[in-house]
Amino acid sequence: MSNYLDIEQQVAIAAVRRACTLTTAVFNNLVKGETLVKSDKSPVTVADFSAQAVINTILTSAFPTDPIVGEEDAADLRENSELRSRVVGLANDALGRELGLGEIAEWGLGRIRTEQELLDAIDRGRYEGGRKGRMWTLDPIDGTKGFLRGEQYAVCLALLVDARVELGVIGCPNLPQDVSNPSGPRGCIFVAVRGQGALQYTLSGGSPVPLKMPKLHLSELNLLESVESAHAALGVNERVAQILGITRAPTRMDSQAKYGALARGDGGVYLRLPTGVGYREKIWDHAPGALLIEEAGGIISDGHGEPLDFGLGRTLGENFGVVATGKGVHSQILKAVRQAQEEAKK
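Residues numbered from 1 in each chain as written. Predicted model: local features only at pLDDT ≥ 70, side-chain atom pairs only at ≥ 80, totals over all residues. Heavy atoms only, no water.

Some words on the UniProt feature "binding site: Mg(2+)" (unreviewed entry) in the protein chain
- The positions UniProt marks with the feature "binding site: Mg(2+)" (unreviewed entry) are E71, D139, I141, D142 and D285. The greatest C-alpha distance among the residues just named is 10.0 Å, despite their covering 215 residues of sequence, which places them together in space.
- Examined against the element boundaries, E71 turns out to sit in the loop between β3 (68–70) and α3 (75–78).
- E71 sits in the partly exposed class, given a relative accessible area of 25%. (UniProt positions renumbered as here; feature names shortened; annotations may be inferred. Helix = DSSP H or I, 4+ residues; strand = E, 2+ residues; numbered from the N terminus. Buried < 20%, exposed > 50% of the residue type's maximum accessible area, 1.4 Å probe, protein only.)

Some words on empty space enclosed by the protein
- Across all of its chains, the model carries one cavity of 30 Å³ or more by this definition.
- Put simply, the largest cavity is a space of about 30 Å³.
- Looking at the largest cavity, the residues that line it are L77, R84, V87, V88, L118, L119 and I122.
- Mapped onto the lining of the largest cavity, the elements with two or more residues apiece are α4 (81–96) and α5 (115–123).
- In terms of residue class, the lining of the largest cavity is built from six nonpolar, no polar and one charged. (1 Å grid on protein atoms, 1.4 Å probe; cavity = no way out; pocket = protein on both sides within 12 Å on 5 of 7 lines; lining within 4 Å. Points joined across faces, edges and corners; volume = space filled by probe spheres on them. Nonpolar A, V, L, I, M, F, W, Y, C, P; charged D, E, K, R; others polar.)

Observations regarding the nonpolar core
- Judged by nonpolar contacts, the single largest core of 51 residues is most densely connected at I55, I58, W136, L157, L167 and V169.
- Counting only elements with at least two residues in this core, the list comes to α1 (6–29), α2 (46–62), α4, α5, β4 (134–142), β5 (154–161), β6 (164–176) and β7 (186–193).
- The element that contributes the greatest number of residues to this core is α1, accounting for 10 residues.
- Not counting chain neighbours up to four residues away, the residues in contact with I55 comprise A15, A19, L138, V155 and L157.
- In terms of nonpolar packing, the next biggest core, distinct from the first, is built from 38 residues, I170, L175, L224 and Y259 among them. (Core = buried A, V, L, I, M, F, W, Y, C linked by side-chain atoms within 4.5 Å. Contact = heavy atoms within 4.5 Å.)

Some remarks on the domain arrangement of the protein chain
- Looking at the protein chain, the domain boundaries give domain 1 (5–211) and domain 2 (218–345).
- Measuring from the centre of the C-alpha atoms in domain 1 to the corresponding centre in domain 2 gives 24 Å.
- Counting from both sides, the interface comprises 52 residues of domain 1 and, opposite them, 29 residues of domain 2.
- For the pair domain 1 and domain 2, the two sides together bury roughly 2,800 Å², of which 62% comes from carbon and sulfur. (Domains from an automatic or database assignment. Buried area = accessible area lost by both parts, 1.4 Å probe.)

Observations concerning the packing of aromatic side chains
- Applying the stated criterion to the full structure yields four aromatic pairs.
- Note on F63 and W136: the rings are 5.8 Å apart at their centroids and 25 degrees apart in plane angle, and the pair reads as stacked. Residue F63 is found in the loop between α2 and β3, and its partner W136 is found in strand β4; the two are separated by 73 residues along the sequence.
- Seen in terms of ring centroids, F147 and Y153 are 5.0 Å apart; in terms of plane orientation they differ by 80 degrees. Their pairing is edge-to-face. Across the pair, exposure class does not vary: F147 and Y153 are buried alike.
- The side chain of R134 reaches across the aromatic face of F63, ending 5.4 Å from its centre. (Phe/Tyr/Trp six-rings, centres within 6.5 Å; stacked < 30°, edge-to-face > 60°. Lys NZ or Arg CZ within 6 Å of the ring centre and 35° of its normal.)

Details of the sheet that holds strand β8 (residues 198–202)
- In space, the seven strands of this open sheet follow the order β3-β4-β5-β6-β7-β8-β9, with mixed pairing throughout. Each edge of the open sheet is held by one strand with a lone partner, namely β3 and β9 (205–211). Adjacent strand axes in the sheet meet at a mean angle of 20 degrees, parallel and antiparallel pairs treated alike.
- Strand direction decides the pairing type here: β8 and β9, joined by four bridges, are antiparallel. (Pairing = 2+ DSSP bridges. Axes fitted to C-alpha atoms, helices over the stretch in contact; angles between N-to-C directions.)

Some words on the layout of surface pockets
- Taken as a whole, the second largest pocket holds about 570 Å³ of empty space.
- For the second largest pocket, the lining is made up of 28 residues, of which Q10, I13, R17, L101 and Y201 are closest to its centre.
- For the lining of the second largest pocket, the secondary structure elements donating two or more residues are α1, β7, β8 and β9.
- Top contributing element to the lining of the second largest pocket by residue count: α1, with seven residues.

Concerning the pattern of salt bridges
- What the rule picks out here adds up to 20 salt bridges.
- A salt bridge links R84 to E115; the shortest N-O distance between them is 3.2 Å. Within this pair, whereas R84 is found in helix α4, its partner E115 is found in helix α5, the two being separated by 31 residues in sequence.
- With a shortest N-O distance of 2.7 Å, E343 and R239 are connected by a salt bridge. Remark: R239 occurs in helix α7 (residues 234–244) and E343 occurs in helix α10 (residues 330–345); sequence separation between them is 104 residues.
- The exposure class of E343 is partly exposed, given its relative accessible area of 30%.
- Here the salt bridges share partners, and the residues they tie into one network are R78, D120, D123 and R126. (Salt bridge = Lys/Arg side-chain N within 4 Å of Asp/Glu carboxyl O.)

Structure (structure tokens):
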């Protein structure tokens, strides 16, 4: 059906667009003390909290019975009045702006919220996930370190129905709009609806550009991979490239911006192999990107060729990483991954 998830798509794009505008404004005015370090040693900023408050408020207004699996919670804010006040101000600035094209007040837009309402909105993201029913996954800033460096990060939102991703929206404020013009205008929103293909919008709107992954030969590929060595086994990636005869240097960037780049033909392979036993990928880090790749004509699996399972809760379980690429080379990539892993065990 051409109108499948039409309202959900409009709401998700509006929410991500407002969050992208918010995060850009925060970066331009970020001051000391507005970044915390979580128990897993990853940073979280006022932008993460306020973006989650904005998106969860919009989702709750539009779809009040839908649960949300979000990365952040409001515990630290409840103990820090200065940080809490800043988050409330930022969120209300974003929510209180006048309605944009296609937006409606019933989505929770055009009015400010109380401090308690916004803290509760952030905590709506504590849902534990599961295999049945509708739920949203949210990463308000995927790649916070990239955000803090002024490099790549993404605002990532997906709708799952019975553990299958049906809608994905990824906002990338710092990604060039045209892959052939890296110094040109920046700011993209990638959208995928199951069965309807993949699209790229600019942050300001306008007509979307359909995305289709090109058919590439191994000699034309390079790897899209994480900046942080703690997030992926980059040494194994290097060996995979050697096995395949890939000579182009890898493109390293934070966040699901890599999925957007891959969907429009930049690189050719997103490779994220686990750094050790026990690491569990979070579902919000891959749900929208997985659908984007599928709808752009690619294929995504773990490193063993198994599909990603979004019905296990808040994580993908102990899956063996992520491999996303074109259908024509996927099996060859997996073969090289197996060889590199076998060599690493010796």
